[in-house]
Amino acid sequence: MAHYGESADVLRTFTAQANRYPMLLPEQEAQLARDWTERQDRRAFDKLVRSHMRLAVKVAGKYARSGLPVADLVSEANIGLVKAVQRFDPTRGFRLATYALWWIRAEVQSFVLHNWSLLKGGNTATLKRLFFNLRQTQRKLGIHDRVMSDAEAALVAQTLSASIEDVREMEHRFATPVSSLNVTVGEDGDHEAIDMLADETESVEELLAEKGELTARRALMKDALTQLGDRERHIFAARNLADQPVTLERLAQHYGVSKERIRQIESGAYKKVVRRVRSQVEAGPTLPPNLPPPLALGRRAGAMAMA
């Protein structure tokens, strides 16, 4: 593991570089992208990367409490950004920031989950479920900025189909600051590394990217739901898109069938939706190609897809 001072220096250098380059106007971005895709103009490629480095730092900063070195998170985010620029096609109708956001998040999330899996030897699927849903589940239960009680931890564990031990472990990871963020930096040692991170407010670039992402998710979900029959669509939405998922028992009573039959219908509908989303991602211009299905459509996708 890199020395804390070294990690802080890498973070400071990366952040300073990111803030040095201004955002591009849409026409500038489109021209640079054409120069890269048509002529492999390396200078155009570099300008596209540099103008979006602040987005990479911003995304990496959101995972600062993962327990992994911040400099490594920033490096992984930068790798995702480079991959996005390499594959970006301006003729497909969206801005680079929207496209890059998917790649940056995917790279950082894969890095975090892979390292947690190696260190903990746990179930990767459980780690993913907790990583992406713990905070949202806590908010729904009214748990804010405090350690969960045993009863609350048990309820969260039941809701997310995880063990109480895994829930407590993830809670601890989110709550524990990364020590390397508290090292002093600067010639006079008058700042901490955490001061070099982007703040929690949304940058203009991030707002543009997430607006485009949300629009894409809504379009994908609405299209996918047209592939379902009325009963399938109702069950799928009630179980996956509602803020408070309807129980199998309640749906079974509504339709006069067994809970197992409702579960089968939900499972079949979910598979249809995933297949449709995957086919649209691969064929259409809305989202990046080769996007893993879990990133295109989460198990509880309602807030992002139908908001």
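## Section: the overall build of the protein chain
Step number 1: When helices and strands are counted, the protein chain shows 15 helices and two strands.
Step number 2: Counting over 307 residues, the protein chain shows a buried share of 43%.
Step number 3: Within the protein chain, counting contacts between residues at least 6 apart in sequence, those at least 24 apart form 66% of the total.
Step number 4: With the model as given, the accessible surface of the protein chain reaches about 16,300 Å², and the carbon-plus-sulfur share is 51%.

## Topic: the nonpolar core
Step number 1: Within the largest apolar cluster, 53 residues are counted, with the highest numbers of intra-cluster contacts made by Leu81, Ile104 and Val167.
Step number 2: With 12 residues, the top contributor of residues to this core is helix H6 (residues 96-120).
Step number 3: Contacts of leucine 81, omitting those with residues within four sequence positions, involve Val49, His52, Met53, Ala56, Ala100 and Ile104.
Step number 4: Grouped together as the second largest cluster of nonpolar side chains are 10 residues, Leu228, Phe236, Leu241 and Val277 included.

## A closer look at the environment of histidine 114
Step number 1: For histidine 114, the location among the structural elements is in helix H6.
Step number 2: On the accessibility criterion, histidine 114 (48% relative accessible area) is partly exposed.
Step number 3: Histidine 114 sits 13 residues away from leucine 127 along the chain, and the two C-alpha atoms are 9.7 Å apart.

## Focus: the side chain of glutamate 107
Step number 1: When you line up the elements, glutamate 107 lands in helix H6.
Step number 2: A polar contact of 3.2 Å, which involves the side chain of glutamate 107, links it to the side chain of lysine 83.
Step number 3: When residues no more than four places from it in sequence are discounted, the contact partners of glutamate 107 are Glu76, Ile79, Gly80 and Lys83.

## As for unusual backbone geometry
Step number 1: Residues other than glycine seldom take positive phi values, yet glutamine 40 does so here, at roughly 50°.
Step number 2: As for its placement among the helices and strands, glutamine 40 is situated in the loop between helix H2 (26-39) and helix H3 (42-51).
Step number 3: Since its relative accessible area comes to 49%, glutamine 40 is described here as partly exposed.
Step number 4: Even without being a glycine, serine 161 presents a positive backbone phi close to 55°.

## Concerning the packing of aromatic side chains
Step number 1: Taken as a whole and assessed by the stated rule, the structure comprises six aromatic pairs.
Step number 2: An aromatic cluster is built from Phe88, Phe94, Tyr99 and Trp103, whose rings are joined through pairwise contacts.
Step number 3: In this arrangement the basic side chain of arginine 231 is found over the ring face of tyrosine 255, its NZ or CZ atom lying 5.9 Å from the centre.

## Observations concerning the pattern of salt bridges
When the charged atoms of two side chains lie near each other, side chains of opposite charge can form a pair.
Step number 1: Applying the stated criterion across every chain yields a total of 12 salt bridges.
Step number 2: Here arginine 239 and glutamate 266 are joined by a salt bridge, their closest N and O atoms 3.2 Å apart. Residue arginine 239 is found in helix H11 (residues 230-240), and its partner glutamate 266 is found in helix H13 (residues 259-283); the two are separated by 27 residues along the sequence. Across the pair, exposure class does not vary: arginine 239 and glutamate 266 are buried alike.
Step number 3: The partner of glutamate 260 in a salt bridge is arginine 263, with the nearest N and O atoms 2.6 Å apart. Placement of the pair is glutamate 260 and arginine 263 together in helix H13, with a separation of three residues, close to one helical turn.
Step number 4: Overall, glutamate 260 belongs to the partly exposed group, its relative accessible area being 39%.
Step number 5: Owing to a relative accessible area of 38%, arginine 263 belongs among the partly exposed residues under this scheme.
Step number 6: A single network of salt bridges, built from pairs that share partners, joins Asp35, Arg39 and Asp41.

## Structural notes on the confidence of the model for the protein chain
Low pLDDT means the predicted coordinates in that region are not meant to be read closely.
Step number 1: Residue-level pLDDT values for the protein chain average 75, and 69% of them are 70 or greater.
Step number 2: Scored below 50 in pLDDT, residues 177-201 shows 50 contacts in the model against residues more than four places distant or in partner chains.
Step number 3: Below a pLDDT of 50 lies the segment residues 284-307, which in the model reaches 62 contacts outside its immediate sequence neighbourhood of four places, other chains included.

## Re H3
Step number 1: Listing the buried residues of H3 in full gives Ala44, Phe45, Leu48, Val49 and Ser51.
Step number 2: The opening residue of H3, the one whose side-chain oxygen lies 2.9 Å from the backbone nitrogen of arginine 43, is aspartate 41.

## Things to note about the environment of arginine 135
Step number 1: Within the element layout of this structure, arginine 135 appears in helix H7 (residues 124-140).
Step number 2: The exposure class assigned to arginine 135 is partly exposed, which follows from its relative accessible area of 38%.

## A few points about the packing of H11 against helix H12 (residues 248-255)
Step number 1: Closest axis-to-axis distance for the H11/H12 pair is 11 Å, and the angle between their directions is 155°. Classed by the angle they form, the pair H11 and H12 counts as roughly antiparallel. The handedness of the crossing between H11 and H12 comes out as right-handed. Listed contacts from H12 to Arg231, His234, Ile235, Ala238 and Arg239 of H11 are Leu248, Leu251, His254 and Tyr255.
Step number 2: Of the residues that constitute the contact of H11 with H12, the class distribution is five nonpolar, two polar and two charged.

What counts, and where the lines are drawn
Residues numbered from 1 in each chain as written. Predicted model: local features only at pLDDT ≥ 70, side-chain atom pairs only at ≥ 80, totals over all residues. Heavy atoms only, no water. Helix = DSSP H or I, 4+ residues; strand = E, 2+ residues; numbered from the N terminus. Buried < 20%, exposed > 50% of the residue type's maximum accessible area, 1.4 Å probe, protein only. Contact = heavy atoms within 4.5 Å. Areas by Shrake-Rupley, 256 points an atom, 1.4 Å probe, with all protein chains shown as cover. Core = buried A, V, L, I, M, F, W, Y, C linked by side-chain atoms within 4.5 Å. Polar contact = N/O pair within 3.5 Å; in protein donor to acceptor, adjacent residues only side chain to side chain. Phe/Tyr/Trp six-rings, centres within 6.5 Å; stacked < 30°, edge-to-face > 60°. Lys NZ or Arg CZ within 6 Å of the ring centre and 35° of its normal. Salt bridge = Lys/Arg side-chain N within 4 Å of Asp/Glu carboxyl O. pLDDT = per-residue confidence, 0-100. Axes fitted to C-alpha atoms, helices over the stretch in contact; angles between N-to-C directions. Parallel < 35°, antiparallel > 145°, perpendicular 65-115°, else oblique. Left-handed = near helix turned anticlockwise from the far one by under 90°. Nonpolar A, V, L, I, M, F, W, Y, C, P; charged D, E, K, R; others polar.

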